[in-house]
2 protein chains.
Amino acid sequence: MKLFIAGPEVFLPNARDLVAQKCELVRAAGFAPVSPFDPGVPDGLSGLELALAISANDERLIRESDLMIANLTPFRGVSADAGTVFELGFMCALERPVHGYSNIGAGFGQRTVDLFKGQVVLKGEGMYDAPDGTLIEEFGMADNLMIDGGILRRNGIFICRDVAPGDVMTNLDVFKTCLDKVAALHLG
Amino acid sequence: MKLFIAGPEVFLPNARDLVAQKCELVRAAGFAPVSPFDPGVPDGLSGLELALAISANDERLIRESDLMIANLTPFRGVSADAGTVFELGFMCALERPVHGYSNIGAGFGQRTVDLFKGQVVLKGEGMYDAPDGTLIEEFGMADNLMIDGGILRRNGIFICRDVAPGDVMTNLDVFKTCLDKVAALHLG
């Protein structure tokens, strides 16, 4: 089974090393790894052409994959990386197994309250509005309900756990735990 | 043709009014509007059950739609609302027409530089890394390349224009411009 590795690792300085490590773990677990760095983007492109070629290649690789593990660790904001979220939605529409993990344990509601530095409006027990009056989603989920819902309604695994603060983008422990459970589910 | 209206309006205090206005505009343009507020979520649910029911209903409504206009105005961060991005990816996998707009004119690269309050690392003309060494995407796009790429590679319309600062979440002018072009494309 081909397993697509989605996540914001692609933005890290050591992106290729880290993705290669994840591929090796996926292979050891018994899946064929697929990642955004797999060949398919023509040489010599730049700017818009390069971006469109990466987009096309990513979509093609996802279509060729049987399942996905998405790194949904919040990235530069309160939610997961937008590219990863797009890819998760894409795989959900294909109705193939989707699984996820996050290196942050705090839920979406708490993180959104934190984003507004606590300057929120209490509207019920544990329920808040943002200072601008917009709703703060609080369903006990890890991110927007389309993300958690997309995974959970497909009986996917979604593990969220704090790692050391300096290691949020690179720690692979939660990924490993998720991968073990995914392997038990699909190959066990 | 059924047109799904995706966007973070659902979080606004006047969400139902604003979505009703968008539905009316969509109807006037010649499409049948579909929105996340359309019936399908059972009464009497709360918490996780409610969230999963909304997720299931949203996915069903998107599957039943022929095309999408997504409000990709940045929401609580540098990228579009995570739920909207999920829905866009979902529609792209169905290979149906996707269109988008944003009430913010500045591009993704500039917004990301602004997120770090300019404390970024120059690495080439107009190219920067974040202070933590992560890549700042700069392809002249409005958001992550999977979002712009998903739309543009399907010949979709994606219009980004500044509106008055106090009106970013509610102004419908850019939506109207986008809708006119979408109608000309599909119904003209």
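Model, not experiment: these values are computed from the prediction.

**Q** So what's going on with the overall build of chain A? Which residues, and what values?
**A** Of the regular secondary structure elements, chain A holds 6 helices and 7 strands. Seen in sequence order, chain A has helices and strands lined up from the N terminus as β-α-β-α-β-α-β-α-β-β-α-β-α. Taken along its principal axes, the extent of the C-alpha atoms in chain A is 50 × 45 × 35 Å. For chain A, long-range pairs separated by at least 24 residues make up 65% of all intrachain contacts whose partners lie at least 6 apart in sequence.

**Q** Before we move on, could you go through the interface of chain B and chain A and cite the residues and values that matter?
**A** On the chain A side, the residues contacting the 44 residues of chain B number 44 residues. Elements with a contribution of two residues or more to the side of chain B that touches chain A: helix 2 (47-63), helix 3 (82-93) and helix 5 (145-152) of chain B. Looking at the side of chain B that touches chain A element by element, the count peaks at 10 residues for helix 3 of chain B. Here the residues of the side of chain B that touches chain A sort into 27 nonpolar, 12 polar and 5 charged.

**Q** How would you summarise the pairing of strand 1 (residues 2-6) of chain B if you had to cite specific residues and measurements?
**A** Residue and element names in this part refer to chain B. Counting buried positions over the 5 residues of strand 1 gives 4, a clear majority of the element. Relative to strand 2 (residues 32-34), strand 1 is paired through 3 bridges, and the arrangement is parallel. Considered in strand 2, the bridge of Phe-4 is made with Val-34. Running through helix 1 (residues 15-28), the crossover from strand 1 to the neighbouring parallel element strand 2 is right-handed.

**Q** Break down the relation of the copies chain B and chain A for me, citing the residues and quoting the values.
**A** In screw terms, the move from chain B to chain A is a rotation of 180° and a rise of 0.0 Å along the axis, fitting with an RMSD of 0.0 Å. Considering both components of the superposition, the chain copies are consistent with a two-fold axis.

What counts, and where the lines are drawn
- Residues numbered from 1 in each chain as written.
- Chains lettered and ligands numbered in written order.
- Predicted model: local features only at pLDDT ≥ 70, side-chain atom pairs only at ≥ 80, totals over all residues.
- Helix = DSSP H or I, 4+ residues; strand = E, 2+ residues; numbered from the N terminus.
- Contact = placed C-beta atoms within 7 Å.
- Nonpolar A, V, L, I, M, F, W, Y, C, P; charged D, E, K, R; others polar.
- Buried ≥ 20, exposed ≤ 12 C-beta atoms within 10 Å, placed from the backbone.
- Pairing = 2+ DSSP bridges.
- Right-handed = clockwise from strand over helix to strand, strands pointing away.
- Least-squares fit on C-alpha atoms with pLDDT ≥ 70 in both.

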